Amino acid sequence: MTAPLDAPESAQHAEPEAIARGRRDAASRSLTQIAWRRLRRDPVALGGGVFVALLILVAVFAPLLTHWFGHPPNQFHQDLIDPATQGVLKDPDDPWSGIDPTGGMSAEHLLGLEPVNGRDLFSRIVYGARISLLVAFLSTLLCVVIGTLLGVLAGYLGGWVDTVISRTMDIFLAFPLLLFAIALAGVIPDDAFGLSSNALRIAVLVFIIGFFSWPYIGRIVRGQTLTLREREFVEAARSMGAGTGHILFREILPNLVAPILVYATLLIPTNILFEAALSFLGVGVNPPTPTWGGMLSESLDYYPVAPHFVIIPGLAIFVTVLAFNLFGDGLRDAFDPRSSD
Amino acid sequence: MGFAAFGAAAALMLTACGGDSGESGDGGNGAAFDQGSTEVVNPSDAAGGTLRYAISANMESTDPGNTYYGYVWNFSRYYARTLLTYAAAPGQAGTELVPDLAAEMPEVSDDGTEWTVKIQEGLKYEDGSEIVAEDIKYAIARSNFGDQALPNGPKYFQQLLDEDDYDGPYGGGDPLEGFDAIETPDDHTLVFHLKEPFADFLYVLAQPQTAPVPADADKGEQYQTRVGSSGPYKFEDDYTPGDGLVLVRNEEWDAETDPIRTALPDRITVEEGVEQNEIDQRLVNGELDVDLAGTGLGPAMKGQLVGDEEARANLDNPTTGAHFYLNVNTKVEPLDNLACRQAIQYAVGREGIQRAYGGELGGEIATQVLPPDIPGADPSYDPYEAASGKPSVEKAKEKMEECGHPDGFDVNIGVRSDRPAEVDAVEAIQQSLAEAGINAEIKGYPSDTYTNTQAGSPDFVADNKLGLTYYGWMADWPSGYGYMSSILDGDAIKDAGNSNISELDDPEINKLFDEVISVEDPEEQAQIYAEIDRLVMENAAILPGVFQKSVIYRPDNLTNVFFNPSWHMYDYMTLGTTETE
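The structure presented is a predicted model; accordingly, all values stated were derived computationally and were not measured. (Residues numbered from 1 in each chain as written. Chains lettered and ligands numbered in written order. Predicted model: local features only at pLDDT ≥ 70, side-chain atom pairs only at ≥ 80, totals over all residues.)

*Asks:* I tried to follow the sheet that holds strand S5 (residues 114–118) of chain B on my own but got confused; where do I start?
*Replies:* One key point about sheets: their strands pair by backbone hydrogen bonds, in either a parallel or an antiparallel sense. Residues and elements named next belong to chain B. Spatially, the 4 strands line up as an open sheet ordered S4-S5-S7-S6, and their pairing is antiparallel. With partners counted over all chains shown, the strands left at the sheet margins are strand S4 (107–108) and strand S6 (182–183), one partner each. Relative to S5, S4 runs antiparallel, the two sharing 2 bridges. Within the sheet, the bridge partner assigned to Glu107 lies in S5 and is Thr116. Across the face of the sheet, helix H3 (residues 133–144) comes into contact with S6 and strand S7 (189–193) while running at roughly 35° to S7. (Pairing = 2+ DSSP bridges. Helix = DSSP H or I, 4+ residues; strand = E, 2+ residues; numbered from the N terminus. Contact = placed C-beta atoms within 7 Å. Axes fitted to C-alpha atoms, helices over the stretch in contact; angles between N-to-C directions.)

*Asks:* Which parts of the structure should I look at to understand the sheet that holds strand S8 (residues 233–235) of chain B?
*Replies:* All names here are of chain B. With mixed pairing, 5 strands are arranged side by side in an open sheet as S8-S9-S10-S1-S11. What marks the edges here is a single partner per strand, and that holds for S8 and strand S11 (290–291). Across 2 bridges, the pairing between strand S1 (residues 50–54) and S11 is parallel. Bridged to Tyr53 within S11 is Val290.

*Asks:* Looking at this model, I keep getting lost on the packing of helix H8 (residues 338–347) of chain B against helix H11 (residues 393–402) of chain B. Mind explaining?
*Replies:* Two quantities define a packed helix pair, namely the angle between the axes and the distance from one axis to the other. All names here are of chain B. Look at H8 against H11: their axes get within 8 Å of each other, and the N-to-C directions meet at 170°. Between H8 and H11, the angle is such that the two are roughly antiparallel. The hand of the H8/H11 crossing is left-handed. Across the interface between the two elements, Ala339, Gln342, Ala343, Tyr346 and Ala347 of H8 pack against Val393, Lys395, Ala396, Lys399, Met400 and Glu402 of H11. The residue inventory of the contact of H8 with H11, partitioned by class, reads 7 nonpolar, 1 polar and 3 charged. (Parallel < 35°, antiparallel > 145°, perpendicular 65-115°, else oblique. Left-handed = near helix turned anticlockwise from the far one by under 90°. Nonpolar A, V, L, I, M, F, W, Y, C, P; charged D, E, K, R; others polar.)

*Asks:* Can you help me understand the interface of chain A and chain B in this one?
*Replies:* When the parts come together, some accessible area is lost, and that loss is often what is quoted as the size of the interface. Taken together, the contacts link 30 residues of chain A with 32 residues of chain B. For the side of chain A that touches chain B, the secondary-structure elements that each account for two or more residues are helix H6 (177–187) and helix H10 (292–299) of chain A. A per-element tally of the side of chain A that touches chain B places H6(A) first, with 3 residues.

*Asks:* I would appreciate a short explanation of the nonpolar core in the present structure.
*Replies:* Soluble globular proteins tend to bury their nonpolar side chains together. Grouped together as the largest cluster of nonpolar side chains are 150 residues, with contacts concentrated most on Ile252(A), Val328(B), Ala347(B), Ile413(B), Ile429(B), Met484(B) and Val536(B). Ignoring any residue separated from it by four or fewer positions in sequence, one finds Val328(B) in contact with Leu335(B), Arg341(B), Ile344(B), Leu468(B), Ser502(B), Ala540(B), Ala541(B), Ile542(B) and Leu543(B). Tyr53(B), Tyr79(B), Leu83(B) and Leu558(B) belong to the second largest nonpolar core, which has 92 residues in total. (Core = buried A, V, L, I, M, F, W, Y, C linked by C-beta atoms within 7 Å. Buried ≥ 20, exposed ≤ 12 C-beta atoms within 10 Å, placed from the backbone.)

*Asks:* What am I meant to see in helix H16 (residues 507–516) of chain B here?
*Replies:* Every α-helix winds through 3.6 residues per turn, so residues three or four apart in the chain are directed the same way. Residues and elements named next belong to chain B. All of the buried residues in H16 are Ile509, Phe513 and Val516. For H16, the angular spread of the buried residues around the axis is 75°, confining them to a single face. Turned more than 90 degrees away from the buried face of H16, the exposed residues are Pro507, Glu508, Lys511, Asp514 and Glu515. (Arc of directions from axis to C-beta.)

As structure tokens, then:
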């Protein structure tokens, strides 16, 4: 059962709605609590949440972590690499000693080394988390903002506004996004909009991913709004003379927070994969800045001599996406009024 | 060039010989590492058997008039003879042109614009009809002229011939009406009229577009379904792209008339769409004979075999003809200053670039523009002490002082970010420059658009201050003009798809390019190309990186194997197999 989290003052003086409102208010305050209680009892979702929190800490404290456990992410260790096979040697002093199947994992290099130039993989994974999370969070934020705004408008206003927005969503969903992203990356210069280089590349990635994923949120918000606008508390507000803005942002939007939160959590992993795909295709941030998708893309040329170079960034993407999905699923179940307590 | 590289290669050869002697029982032929790069391995005249090719994509086209890939140019000679072709010999001898359909080498008029070619009499197609001069003229027309000309191949004839208003054979009516730049006074003579003298015209006559196509057999791009054979093999069935190709003997071909083809196998098969790793594995297992694409082993098998001392005996390690280098733009600040460009030359250690290609097996360190196989190349010319692979930081600092940036400067490097080897190379360059105090920022672009709209656009280069751009270059034919004119002639600078990315526009160099096309003596030509190379290096407009090398697997059962530098792969016309049953 959905209900406003924040009941308007004006509604409370009306009879008999006031009584109904009061009861619902009591229920709604505890919905968040119920959700939280449910979430805490779901170890899988909680595990996902804890991993996500840890990952954010790793990304934030990347310089400290690499200082303690690794090396600067762009530092070469060519003395450990066999130039002919480009893999990590078992014995750096013996060129015929063969390739180290672990890729040089040791106390010195926790996750081994990249082939060719021998950069420390641990440090690059840790730094790669920054780009992946930054792009995923910002682009999700962008599509939540656009999607919510247009979804609420379409759902509440209906009529031609709804038609225009809904058709626009259809068009955006049908858009060949990957192709567009590649083309756009080719056209955009290195200095634009007051940004340059990697800052601009990140902004472009965020824009492409966020601007073309908003219909996913938009459709859900529109659907929810369609049902909400017919509800008594909305009509009550309307009968009290509340303006459209007030109804949209004070009455309806608070009721949408839960579904938006859930779908945003589920969009983040999609966007992480999208960023990886774009980096994989060479339209991501510039080398030598590490990204998971970029590493995965480069690793495919070297997998016979450096299987760990494929596995580790792949695993990083996989585990992160899984954690977000588990957390998001748990969150959805927790907020679902139909699920039993 | 790397005396270091040569020393190592020689040492490897010795160990490979030693390792092989015990093992060469059954199919083993006692060959050594890289032997096929310089001599004929496993010489034999045993005929019969099936020669099995495979390729990871589909063939670009089987039509000799509709192709730009070297492997098709090489392979299509099984069924399509050309006016001239390259001698079937290893090493420098393989770059020599010899008559194929032609009865003798062409003659040129005194002013250099009229070339006369006599073709052999009595040559026949697979259906027994005679090959006549007009069929060759028609083949050139369909691949070069008009809006509907076959799309894939180069258009050299169209650029060179003195022909303005002919709009191709597909317009209806007499297909050759109005095509006057090639005359066919009789069935066995062709006279080509050029706009202006062009010394490399003989190389153009060796292209597969000069393979004869009778006008009434032509079906446009669909002609590849069944190319009428003029060579020792013909299509067994109609060819459908993706389904592979089978060639069987063409009884109408006369070995007496053919200087280069041994035609040993009875059958030749091509499998298409076989994944590269599978091709490599089957080559090693003896289930395939040749990787048609000719670019060598994929990274997986290469990584396995080059580290295996015994397996090396089956590997060849020739140069691919590609030079990977860094364009040093002459217009972008501060590189518009010669001393700043020279500082870059001294500051970059070539070893890092070489590593990106797999060390000495992956490429030779380049110290000048022309690859070693091309006449005029002087591998000992090393003005910036690059051969050692190490940077000369002191010299770089001197040059930086000279150009007014003693504390370093900023520069951008463009690169194709979806090509790992190139990214590795550029990252190494970045670190090398940093040691001299030059702060380089890497800008990655997709390879689909790089050569046309980013590195290939002078405006984009200027707007984005792409002072350095990583690039690779290969020539259509082994001459200095073919190799250098597009990348170094000031007159070749274009708004899009530009290859002269350093925007070098040096009057002296431009003048030499204008002069060399009317020089006939090969020695004299080579001297001019060497001179151009020297001037470019003095201008520091190109930072030579590596001359790339490939690693090719040579199965034991393959006979008469050698690397022909003209095709940058094995010469397919001599190959045979020991499994003749």
